[in-house]
Amino acid sequence: MMNALVNINGIICSAEEAKVSVFDRGFLFGDGVYETGKSLKRCCLFLEEHLERLRRSAGKLQIPFPLSDEEMTDEIYRTAKAFGKEDAYFRVILSRGVGLVMGLESLEDLKPTLVIIFQPLSEKLDRIRTEGLNIMTSNILRNSAAAQDPNIKTSNYLNSLLAIQEVRARGGEDAIMRDNQGNVAEGTTFSIFGITPDNSLITPSLKVGILDSITRRHVLELGRGLLKVEEGFFQLEQFQECSEVFIASSVREIVPVREWDSHKYALPGTMTEKLKIALKNEIKSYLETHRKY
Ligand SMILES: Cc1ncc(COP(=O)(O)O)c(C=O)c1O
């Protein structure tokens, strides 16, 4: 039995009972948007930022947003409470809804499907935060923002999926993608950072065509208090010259990279550890000041 709890359009059910129509456009076309985050100590971390991004992604696809942020928070918290764990992984999915006409353009009067999933956080998280990741540069390029903008968090993750499949076949744990100019863009489900030999924090600019990651925003803000920060267009070599490299995402927080395309980085990195602690402290104060379920 799968240990997850699902809320489909307001009805809470078990993982086994959770079913959506095959005519749902999320299934037919990946026509939906989503957010992934976690709760700690019965509080959904940075939830306002997740809801703001979900609303923005939905807006870019012209999917009507069915609830106010307050109603959405209530639904998420009701599901979290029913799931009953202090710490959990959550996903909120909003698809355009069920359309019985197959055509791509049949958008009229569809009622969006809202799905909220809670499940346990992976037990591997603590271990990878210490051991670090072995990442590889994928031969699959990041989607161009002029084609399918990576800054819309759509339910279609095939670009990332192709990239991870390709590097897994070569023994990598996860993949980094570049744009068609060779600029480093982002990982399959994370953003990427480096500490240069002269102690600057570098990360690809949003202009490269990447997701406006919530953790990235927090890391940059915290980084500005500790060292020089540069968002820009960086080639692989510039990351290889770095003394430390790490990835960041909502569920994983900061995870050091121990190897990237056979280039090894010493762990633990001093700046990475400092930023890890700074992020932990920020999370702690968020938990102390925000709503609990
Ligand atoms: C492509 C991509 N980049 C970056 C991130 C990290 O974003 P966040 O910090 O908002 O979780 C994600 C998270 O899922 C992602 O899918």
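Thresholds, definitions, all that
- Residues numbered from 1 in each chain as written.
- Predicted model: local features only at pLDDT ≥ 70, side-chain atom pairs only at ≥ 80, totals over all residues.
- Heavy atoms only, no water.
- Salt bridge = Lys/Arg side-chain N within 4 Å of Asp/Glu carboxyl O.
- Helix = DSSP H or I, 4+ residues; strand = E, 2+ residues; numbered from the N terminus.
- 1 Å grid on protein atoms, 1.4 Å probe; cavity = no way out; pocket = protein on both sides within 12 Å on 5 of 7 lines; lining within 4 Å.
- Points joined across faces, edges and corners; volume = space filled by probe spheres on them.
- Nonpolar A, V, L, I, M, F, W, Y, C, P; charged D, E, K, R; others polar.
- Pairing = 2+ DSSP bridges.
- Buried < 20%, exposed > 50% of the residue type's maximum accessible area, 1.4 Å probe, protein only.
- Domains from an automatic or database assignment.
- Contact = heavy atoms within 4.5 Å.
- Buried area = accessible area lost by both parts, 1.4 Å probe.
- Polar contact = N/O pair within 3.5 Å; in protein donor to acceptor, adjacent residues only side chain to side chain.

Engineer: Got a minute to help me understand the pattern of salt bridges in this structure?
Structural biologist: Where charged atoms from two side chains of opposite charge come close, those side chains can pair. Inspection of every chain in the model, using the stated rule, returns 25 salt bridges. Between Asp 74 and Arg 291 there is a salt bridge, and its shortest N-O distance comes to 3.0 Å. Residue Asp 74 is found in helix H3 (residues 69-83), and its partner Arg 291 is found in the segment after helix H8 (270-289); the two are separated by 217 residues along the sequence. Across the salt bridge formed by Asp 212 and Arg 217, the nearest N and O atoms sit 3.1 Å from each other. Each of the salt bridges in this network shares a partner with another, and the network as a whole consists of Lys 38, Asp 126, Arg 129, Glu 253 and Lys 280.

Engineer: Whenever I open this one, empty space enclosed by the protein confuses me. Can you help?
Structural biologist: Any empty space left between atoms is shown by rolling a water-sized probe over those atoms. Counted under the stated rule, the structure contains two cavities of 30 Å³ or more. The calculated volume of the largest cavity comes to roughly 100 Å³. Arg 142, Asn 143, Gln 148, Asp 149, Pro 150, Ile 152, Thr 154, Asn 156, Tyr 157, Leu 158, Asn 159 and Ser 160 are the residues that line the largest cavity. Here the residues of the lining of the largest cavity are counted per class, giving four nonpolar, six polar and two charged. A volume near 50 Å³ is recorded for the second largest cavity. Looking at the lining of the second largest cavity residue by residue, the class counts come to four nonpolar, three polar and one charged.

Engineer: What's the story with the sheet that holds strand E5 (residues 88-95) in this structure? I'm lost.
Structural biologist: Pairing between the strands of a sheet is mediated by backbone hydrogen bonds and can be parallel or antiparallel. Strand order in the open sheet formed by six strands is E2-E1-E6-E5-E3-E4, and the pairing between neighbours is antiparallel. One side of each edge strand has no neighbouring strand; the edge strands of this open sheet are strand E2 (11-14) and strand E4 (43-44). In this sheet, strand E6 (residues 113-119) lies alongside strand E1 (residues 5-8) in antiparallel orientation, the contact comprising four bridges. Directly across from Val 6, in E6, lies its bridge partner Ile 117.

Engineer: Just checking my understanding: could you explain the pairing of E6 for this structure?
Structural biologist: Remark: a regular strand shows side chains that alternate across the two faces of the sheet. The buried count for E6 comes to six of seven residues, which makes it a mostly enclosed element. Relative to E6, E5 is paired through seven bridges, and the arrangement is antiparallel. Looking across to E6, one finds that Val 92 is bridged to Ile 116.

Engineer: What is the right way to look at the domain arrangement of the protein chain in this model?
Structural biologist: Size of an interface: often given as the accessible area lost when the parts come together. One can read the domain layout of the protein chain as domain 1 (5-121) and domain 2 (126-286). Distance from the C-alpha centre of domain 1 to the C-alpha centre of domain 2: 26 Å. Between domain 1 and domain 2, the residue contacts involve 27 residues of the former and 21 residues of the latter. Taking both sides of the interface into account, the surface hidden between domain 1 and domain 2 amounts to around 2,000 Å²; carbon and sulfur atoms contribute 58%. Sorting the residues of domain 1 by area buried against domain 2 places Tyr 34, Phe 46 and Arg 53 first, and these three jointly supply 32% of that buried surface. Of the charged contacts in the structure, one is a salt bridge between Glu 253 and Lys 38, with a shortest N-O distance of 2.5 Å. Between domain 1 and domain 2 we count 12 residue pairs in polar contact (both at pLDDT 80 or more) in total. Listing elements by their share of the side of domain 1 that touches domain 2, those giving two or more residues are strand E3 (32-40), E4, helix H2 (47-60) and E5. Considering only residue class, the side of domain 1 that touches domain 2 consists of 13 nonpolar, six polar and eight charged.

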